[in-house]
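Each chain, written out:
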Amino acid sequence: MNITINGNTCWAKPGETILDAARREGIKIPTLCHLSEFSPTGSCRICTVEVESNGSLVPACAFPVTEGMAIRTNSPRVRRARKTIIELLVANHPQDCLFCVRSGNCELQSLTQEYGVRTQRWTGERKRARIDIASPAIERDPEKCILCGRCVRICHEQQHVGAIDFVHRGFKSTVAPALERSLNTVPCVDCGQCVVNCPVGALTEKSHQKVVWEAINHEEKYVVAQVAPAVRVALGEEFGAEPGTVVTGKTVAALRRLGFKRVFDTNFSADLTIIEEATELLSRLNNGGPTPMLTSCSPGWVKFIEHYYPDLLGNLSTCKSPHEMQGALLKSYYAQKIGVDPSRIFVVSIMPCTAKKYEAQRPELGNEYPDVDAVLTTRELARMIHSAGIDFHRLPNEGFDDPMGESTGAGAIFGAAGGVMEAALRTAHFYLTGEDMKSLTFAPIRGLEGVKQADVKVGNVTLKVAAISGLANIKPILDDMRAGTSPFHFIEVMACPHGCINGGGQPQPASPEKIIKRTESIYQIDRESPRRNSHRNESIQKLYAEFLGEPNGHKAHELLHTHYVERDEF
Amino acid sequence: MNSYSRDCFENCWHSAERPCPHFVSCVNNGQQCECGDAVTARLEQYKRHLLMVEHDLPVILVGMGTCGLANGARRIHDAIIAELNTRGIAASVIPVGCVGYCAREVIVDIKLPGKPRISYCEVKEKDVVALIESTIMAGEVLTDKLLGLYERPQDSPWAALPLVNENPFFAKQQKINLENCGVIDPESIDQYLARGGYTALSTVINGKSGQDVINDMLTAGVRGRGGGGFPTGRKWQFARDQQSDKKYLICNADEGDPGAFMDRALLEGDPHRVVEGMIIAAYAIGASYGYIYCRAEYPLAIARLEKTLADAREYGLLGNNILGSGFNFDMRIKKGAGAFVCGEETALIHSIEGRRGMPRPRPPYPAVSGLFGKPTVINNVETFANVTTVFKNGAEWYGSIGTQTSKGTKIFALSGKVTNVGLVEVPMGTTLREIVFDIGGGIPDGKQFKAVQIGGPSGGALPVQVIDTPIDYESLKAVGAMMGSGGLVVMDETTCMVDLAKYFMTFIQSESCGKCIPCREGTKRLLEILERLSKSHRNETTQEESLLRFQGMVYLERLASVIKDTSLCGLGQTAANPVLSTLQYFKEEYEAHLYDRCCPAGACRELLTFHIDTEKCNGCGLCAKKCPEAAIIGEKKKAHYILEDKCIRCDQCRVNCNFDAIYVN
């Protein structure tokens, strides 16, 4: 059908919204509450446009186009309405941009600039609330919240957690956990999807920057870093690079310049996870279960199943997540190797994730010392690089330190949803048949869908596998498992949709374009790797020979496996 | 025979499980089947008994709607029964709903066999003995409590007594939807049936298609009584045209406007009429299940509805195979938890679905995608009552009442500074003047009429200049108000219009659901602008604050228009109306507040100044003694003086002065 936008006739699909049609035409309409993959709520009204035929203002994000519709996206009436709405938000905002972590990357701040808000037109009472700092992963500042509701919808619809919701009415409305308690007292899984989708500084990660700086500057500490697979395809964005730019070498260089003694690759322990997990899978298949085996690399997902499906914890792989494995090895194997007392080693994980912050302080992950001492999100690392005055783009490309710097393409694809599954199948195939797979690409479990499933023939066994991302997608499968009707043998679960490349610790705001580009880059790293099977990682072979013994053996169990706890749903 | 269910059903095969299509016509027009003459006679006799044409015992009917109960109707009801027992008099005592004349509750009607029904008003507990002695024992009318008779007897000492309908409160009313309220026992399905109840449903279900019903609704010209005035037939047509495995019908009984109680009176006084209208609507659109979303603050209405639904099911009028037609429809009551916004249809749907009551953008309209994603029609209580009226009396007849574009009658809840507070039903096109002055009896205490707020918080305050506006959807819109659900709050000269706007803004901003920015943030700022207007300069500490008063007024129109233009739901879009309409008609009052810091109506306390009339003051010193702030000075036996800076406007001096020497500006 044909519509007219600002006097220009253009083509539109029946049933699509004005916003979609306008964006395709390259016309920018501002949004705050809009989330492209969700049904519109029309709550912020900032996308208001004028429909000439009936002279009314309508929300572009929710209003469907009709044949012959004439729309104005920048009439004086529209601009005045948008500006007034922004002014109203500003009037009830702390206006403390100087101190705000989102300054410079805040959607409200950008809108005030775009619409030329220069005076305080509305004055009066301002919402007051305490900052909730009790969660180990996420901080909430309700005063900064503009009640766009993105976090609420993400938490309910995408993650099926519902830890936060709107409470109170009118001017007193706020977003809060049940009974306005702290986030650590409700079954929040710390995935951080709310944080990465927050347009302002109301939701942020619990910062570990200070403790990391302190450790770096501590004479006794031997501070080492490890970098997760998904960080290297996203960190560049924080320095103006195109989404998906691979900045592995510069990341290593930056970490060294920040003062880290050694920089290791979490991809190494991703390979190690595969060895352990593939072995565990085969052992479960041979010993009658329990199957389907569920992966355990995503701490948000682990917390989810502990809260909501504790009866299925037996199906969860006992493997620690890769950075925890690496931490455990750094404080044992590596400490021995370099002759440093493990108490002096301070392990910092650079992660695309907020739940890793919570995971790092789980008491069962570590013995005398925690496996991992601090977790920095991609965003926090970028802030540290900025504050250290490092010109990121002029850094040389440097390599990871040995012996935990070597990795294969299989470890790299952990960063994308379906990657763990794919990497595990490559190794399981080798274990079952004694030879590597001919084609290393599993088309059915790649791609952006939240639920991907496939039948994979490994030797003379056909494995039914699934890769799930976004916690709402796992619920029906877990319900099937409870009912005993699940056909699967092996299921990969990632709390965040599209996996770690879209994790809660990644550059804000999340967007579908960024997700596609980061995913492409992850698979590019795999394609370009000289080795693409975890069992071909020579450092890992050496690790087993020198230290661990055999996969799933006694020492491996002690250091690389863990157990889980039942948690309440409320 | 003492119930259609117990006796009639025993003699014929009609039952809830196997309903007879002719059941309603049997009851109303005499027996239609082959059950024999004996049954016919019994039906006829029972009907005459129900209509109180033929009865052996005196019948006492006590108005026990919420308004009656608030005035002590329960105690009177119990006192009557106790008194009858003590004296050993056999009589039936029946609680009825509200007849609408709330100002003169408690209303007690007495019907003696063979005599016309007598209506007494303002009955107190102490009057019970006199009522029973004079009317029931002596057969005489107690004239000082008399409201009127229901009909005038010929050749009787009662022939000179007034009729209820001659009372000015009732004379200009046309009660077509309220015909049973206060007249019948709302909990008796038999009384409803005897007065032609369910004939509308029977006619529809035995002879019309769903499309016929919608066509009749369009002919009758019924428009939604919930506020917007959308043609009901068209709304039904949208839903009927949808292909879906399930459709829903919802009755919006979440009456939340301040000063509105039309729906409550209907549900308490004649619940079957609403339920009957709902069944007809469900038949028209093909809905299989319905909800009555009733606010939990209406416990009596809910209790009566529960009984109504149970009785209708027992009589085969609700549930499976209604009146043997093969049409299935049932419903339940869903209690609302008291959020004003849940009266908005999409928020109401969310609430029924178990979610937070917040509106969502339309389209899709509920008629296309509503409750649980299925096509859903939502109408309010009064609309459904009108549906029954249309099919009981005929679409053409209904269409002959009212104006060109607004058909039928409208029920208003008349309250505020008006003599006859109550519930009135008038044909569309009646003027506001007729309602306020003829029916309402004008302003009490000799005060001047100032304005009438119509349409609740979304409507507007209309002044004397437009009091001759006929009541219909378009005319009210043209003068800056809206029909709304039917609250009419009358205000006299002592009401300050800035204060009124402030009251409604306080209501709206605290009842805003908080979802969209213009309503959540904008109404708060509007309220703050109004609050600054009625603030004394003494309470302002900085010059900026004084400037803000003017700045607020400069930007007021901008804010109001953006709220109107961009809010998500109807409540937000109309949220600025109280401010805009008072500003339109009472601008000089705003200016007095803004420029002179003075409230002409004397309602904004901070702006008042207290003075002592030196002529009247004899220096007794009582005022100075009562003043909590020591703001009054003066020598004994000489005129005193009030220090304005110290005065806190507590009014103690004026109240305590024995010489009326203290006056307020």
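This is a predicted model, so every value here is computed, not measured.

Enquirer: Sorry, what's going on with the overall build of chain A here?
Expert: The helix and strand inventory of chain A stands at 18 helices and 17 strands. In terms of overall dimensions, chain A is globule-like: its C-alpha atoms have a radius of gyration of 25 Å, near the 25 Å expected for 570 residues. Judged by the C-alpha coordinates and their principal axes, chain A covers about 75 × 55 × 45 Å. In chain A, which comprises 570 residues, the proportion classed as buried is 54%. Once local pairs closer than 6 in sequence are excluded, the contacts in chain A between residues at least 24 apart make up 74%.

Enquirer: Even after reading the chapter, I still don't get the overall build of chain B, so can you show me in this structure?
Expert: Helix and strand counts for chain B come out as 27 helices and 18 strands. Buried residues in chain B amount to 52% of all 665 residues. In chain B, 70% of the contacts between residues at least 6 apart in sequence involve partners at least 24 apart.

Enquirer: What am I meant to see in the interface of chain A and chain B here?
Expert: How big an interface is tends to be expressed through the accessible area that disappears when the partners come together. Of the residues lining the interface, 31 residues belong to chain A; the matching set on chain B comes to 29 residues. Of the residues forming the side of chain A that touches chain B, the biggest block, six residues, is contributed by helix 2 (residues 76–91) of chain A.

Enquirer: Which parts of the structure should I look at to understand the sheet that holds strand 3 (residues 48–51) of chain A?
Expert: Where strands meet in a sheet, backbone hydrogen bonds hold them as pairs that are either parallel or antiparallel. All names here are of chain A. Reading across from one edge, 2-1-5-3-4 is the order of the five strands in this open sheet, with mixed pairing throughout. Edge positions in the sheet fall to strand 2 (8–11) and strand 4 (56–59), since each has one partner strand and no second. Between one strand and the next, the sheet's axes are offset by a mean angle of 35°, whatever the strand orientation. Note that strand 3 and strand 4 share four bridges and pair antiparallel. Residue pairing across strands places Glu-50 opposite Leu-57, the latter belonging to strand 4. The strands touched by helix 2 are strand 3, strand 4 and strand 5 (70–72); relative to strand 3, the strand with the most contacts, the crossing angle is about 155°.

Enquirer: Help me out: how do you make sense of the nonpolar core in this one?
Expert: Considering soluble globular proteins, one finds that nonpolar side chains tend to be buried as a cluster. All names here are of chain B. In this structure, Val-108, Met-278, Ile-279, Ile-280, Ala-281 and Val-452 are the most contacted members of the largest nonpolar core, which totals 356 residues. The element contributing the most residues to this core is helix 13 (residues 271–285), with ten residues. Other than its neighbours up to four places away in sequence, Met-278 contacts Leu-249, Cys-251, Gly-290, Met-331 and Phe-384.

Enquirer: I would appreciate a short explanation of the sheet that holds strand 9 (residues 376–380) of chain B in the present structure.
Expert: Residue and element names in this part refer to chain B. Taken in spatial order, the four strands make up an open sheet running 8-7-6-9, and their pairing is parallel. Each having just a single partner strand, strand 8 (330–336) and strand 9 make up the two edges of the open sheet. Taken pair by pair, the neighbouring strands of this sheet meet at an average axis angle of 20°, ignoring direction. For strand 6 (residues 248–253) and strand 7 (residues 289–295), the ladder comprises six bridges, and the chain directions are parallel. Each bridged residue has a counterpart across the sheet, and for Cys-251 the counterpart in strand 7 is Ile-292.

Enquirer: Honestly, the packing of helix 9 (residues 199–207) of chain B against helix 13 of chain B in this entry has me stumped. Any pointers?
Expert: Two quantities define a packed helix pair, namely the angle between the axes and the distance from one axis to the other. Residue and element names in this part refer to chain B. Running from amino to carboxyl end, helix 9 crosses helix 13 at an angle of 15°, the nearest separation of the two axes being 9 Å. When the axes of helix 9 and helix 13 are compared, the pair comes out roughly parallel. Helix-helix and strand crossings are classified by hand; for helix 9 and helix 13 the assignment is left-handed. Of the residues in helix 13, those in contact with Ala-200, Leu-201, Val-204 and Ile-205 of helix 9 are Glu-276, Ile-279, Ile-280 and Tyr-283. Across the contact of helix 9 with helix 13, the residue classes break down as seven nonpolar, no polar and one charged.

Enquirer: Even after reading the chapter, I still don't get helix 24 (residues 577–585) of chain B, so can you show me in this structure?
Expert: Note on helix geometry: an α-helix contains 3.6 residues per turn, so any two residues three or four positions apart are oriented the same way. Residue and element names in this part refer to chain B. Counting buried residues in helix 24 gives seven out of nine residues, a clear majority hidden from the surface. Where helix 24 is concerned, the buried positions are Asn-577, Pro-578, Val-579, Ser-581, Thr-582, Leu-583 and Tyr-585. In this fold, the buried residues of helix 24 make contact with strand 13 (460–463), helix 20 (497–511), helix 21 (517–533), helix 22 (543–566) and helix 25 (587–596).

Enquirer: When you look at the pairing of strand 12 (residues 449–454) of chain B in this model, what are you seeing that I'm missing?
Expert: Both faces of the sheet carry side chains from a regular strand, because those side chains alternate between them. All names here are of chain B. The buried count for strand 12 comes to six of six residues, which makes it a mostly enclosed element. Note that strand 12 and strand 14 (residues 487–492) share five bridges and pair antiparallel. Its bridge partner being in strand 14, Ala-451 is matched across the sheet by Met-491. Here four bridges tie strand 12 to strand 13, and the two strands are oriented antiparallel to one another. In the sheet register, Gln-453 faces strand 13, and the bridge partner there is Ala-461. The antiparallel hairpin formed by strand 12 and strand 13 contains five residues in its connecting segment, where Gly-455 sits at a positive phi of about 90°.

Enquirer: Would you mind showing me how to read the environment of Leu-323 of chain B here?
Expert: Residue and element names in this part refer to chain B. By secondary structure assignment, the location of Leu-323 is in the loop between helix 14 (299–314) and strand 8. A residue is classified by how many C-beta atoms lie within 10 Å of it, and Leu-323, with 23 of them, is buried. In this structure, the C-alpha to C-alpha distance between Leu-323 and Glu-17, residues 306 residues apart in sequence, is 10.0 Å. Leaving out residues up to four positions away in the same chain, Leu-323 has contacts with Pro-19, Pro-21, Phe-23, Ser-202, Ile-205, Gly-316 and Leu-317.

Enquirer: Explain the confidence of the model for chain B to me, please; I cannot follow it from the model alone.
Expert: The predicted coordinates ought not to be read in detail in places where the model reports low pLDDT. Per-residue confidence for chain B gives a mean pLDDT of 93, with 98% of residues at or over 70. In the model output, the complex is listed with pTM 0.93 alongside ipTM 0.92.

Enquirer: Whenever I open this one, unusual backbone geometry confuses me. Can you help?
Expert: Leaving glycine out, the prevailing phi sign among residues is negative, and the prevailing peptide bond configuration is trans. Residues Asp-402 of chain A and Pro-403 of chain A are joined by a peptide bond in cis, for which omega reads 0°. Within the element layout of this structure, Pro-403 of chain A appears in the loop between helix 12 (378–387) and helix 13 (409–412). Positive phi, close to 55°, is recorded for Glu-180 of chain A, a residue that is not glycine. Locating Glu-180 of chain A in the fold gives a position in the loop between strand 8 (174–177) and helix 5 (193–197). Glu-180 of chain A sits in the partly exposed class, given 13 other C-beta atoms within 10 Å. Positive phi values are uncommon outside glycine, yet Asp-445 of chain B reaches one of about 60°. Residue position: Asp-445 of chain B is located in the loop between helix 18 (432–439) and strand 12.

Enquirer: Teacher, can you tell me more about helix 10 (residues 322–338) of chain A here?
Expert: All names here are of chain A. Of all the bends found along helix 10, the most pronounced is centred on Leu-330 and spans about 40°. Within the sequence span of helix 10, burial applies to Pro-322, His-323, Glu-324, Met-325, Gln-326, Gly-327, Ala-328, Leu-329, Leu-330, Lys-331 and Tyr-334. Turning to helix 10, the residues buried within the fold contact strand 10 (222–227), strand 11 (262–265), helix 8 (266–286), strand 13 (345–351), helix 11 (355–360) and helix 18 (554–560). The positive-phi residue at the C-terminal boundary of helix 10 is Gly-339, with phi of around 70°.

Enquirer: Can you help me understand the environment of Ser-581 of chain B in this one?
Expert: Residues and elements named next belong to chain B. Checked against the element boundaries, Ser-581 lands in helix 24. In this structure the C-alpha to C-alpha distance between Ser-581 and Ile-378, which are 203 residues apart in sequence, comes to 29 Å. Filtering out sequence-adjacent residues up to four positions away, Ser-581 remains in contact with Gly-460, Ala-461, Gly-480 and Ala-481.

Enquirer: What is the right way to look at the packing of helix 9 of chain B against helix 16 (residues 381–393) of chain B in this model?
Expert: Residue and element names in this part refer to chain B. Viewed as axis vectors pointing N to C, helix 9 and helix 16 meet at an angle of 70°, and their least axial separation amounts to 8 Å. Considered as vectors, helix 9 and helix 16 are oriented roughly perpendicular to each other. Crossing angle aside, the handedness with which helix 9 passes helix 16 is left-handed. For the pair helix 9 and helix 16, contact is made by Thr-199, Ala-200, Thr-203 and Val-204 and by Thr-388, Phe-391 and Lys-392, respectively. Looking at the contact of helix 9 with helix 16, its residues break down into three nonpolar, three polar and one charged.

Enquirer: Any chance you could explain the environment of Leu-365 of chain A here in plain terms?
Expert: Looking at the secondary structure, you find Leu-365 of chain A in the loop between helix 11 and strand 14 (374–377). The spacing of Leu-365 of chain A and Leu-560 of chain A is 195 residues in sequence and 9.4 Å in space, taken between C-alpha atoms.

Enquirer: Even after reading the chapter, I still don't get the pairing of strand 8 of chain B, so can you show me in this structure?
Expert: Residue and element names in this part refer to chain B. Relative to strand 8, strand 7 runs parallel, the two sharing seven bridges. Residue Gly-290 lies in a different strand from strand 8, and its bridge partner there is Met-331. Handedness of the crossover joining strand 7 and strand 8 through helix 14 is recorded here as right-handed.

Reading the values: the criteria
- Residues numbered from 1 in each chain as written.
- Chains lettered and ligands numbered in written order.
- Predicted model: local features only at pLDDT ≥ 70, side-chain atom pairs only at ≥ 80, totals over all residues.
- Helix = DSSP H or I, 4+ residues; strand = E, 2+ residues; numbered from the N terminus.
- Rg over C-alpha atoms; globule rule 2.2 N^0.38 Å.
- Buried ≥ 20, exposed ≤ 12 C-beta atoms within 10 Å, placed from the backbone.
- Contact = placed C-beta atoms within 7 Å.
- Pairing = 2+ DSSP bridges.
- Axes fitted to C-alpha atoms, helices over the stretch in contact; angles between N-to-C directions.
- Core = buried A, V, L, I, M, F, W, Y, C linked by C-beta atoms within 7 Å.
- Parallel < 35°, antiparallel > 145°, perpendicular 65-115°, else oblique.
- Left-handed = near helix turned anticlockwise from the far one by under 90°.
- Nonpolar A, V, L, I, M, F, W, Y, C, P; charged D, E, K, R; others polar.
- pLDDT = per-residue confidence, 0-100.
- Bend = angle between axes of the 7 residues up to and from the residue.
- Right-handed = clockwise from strand over helix to strand, strands pointing away.

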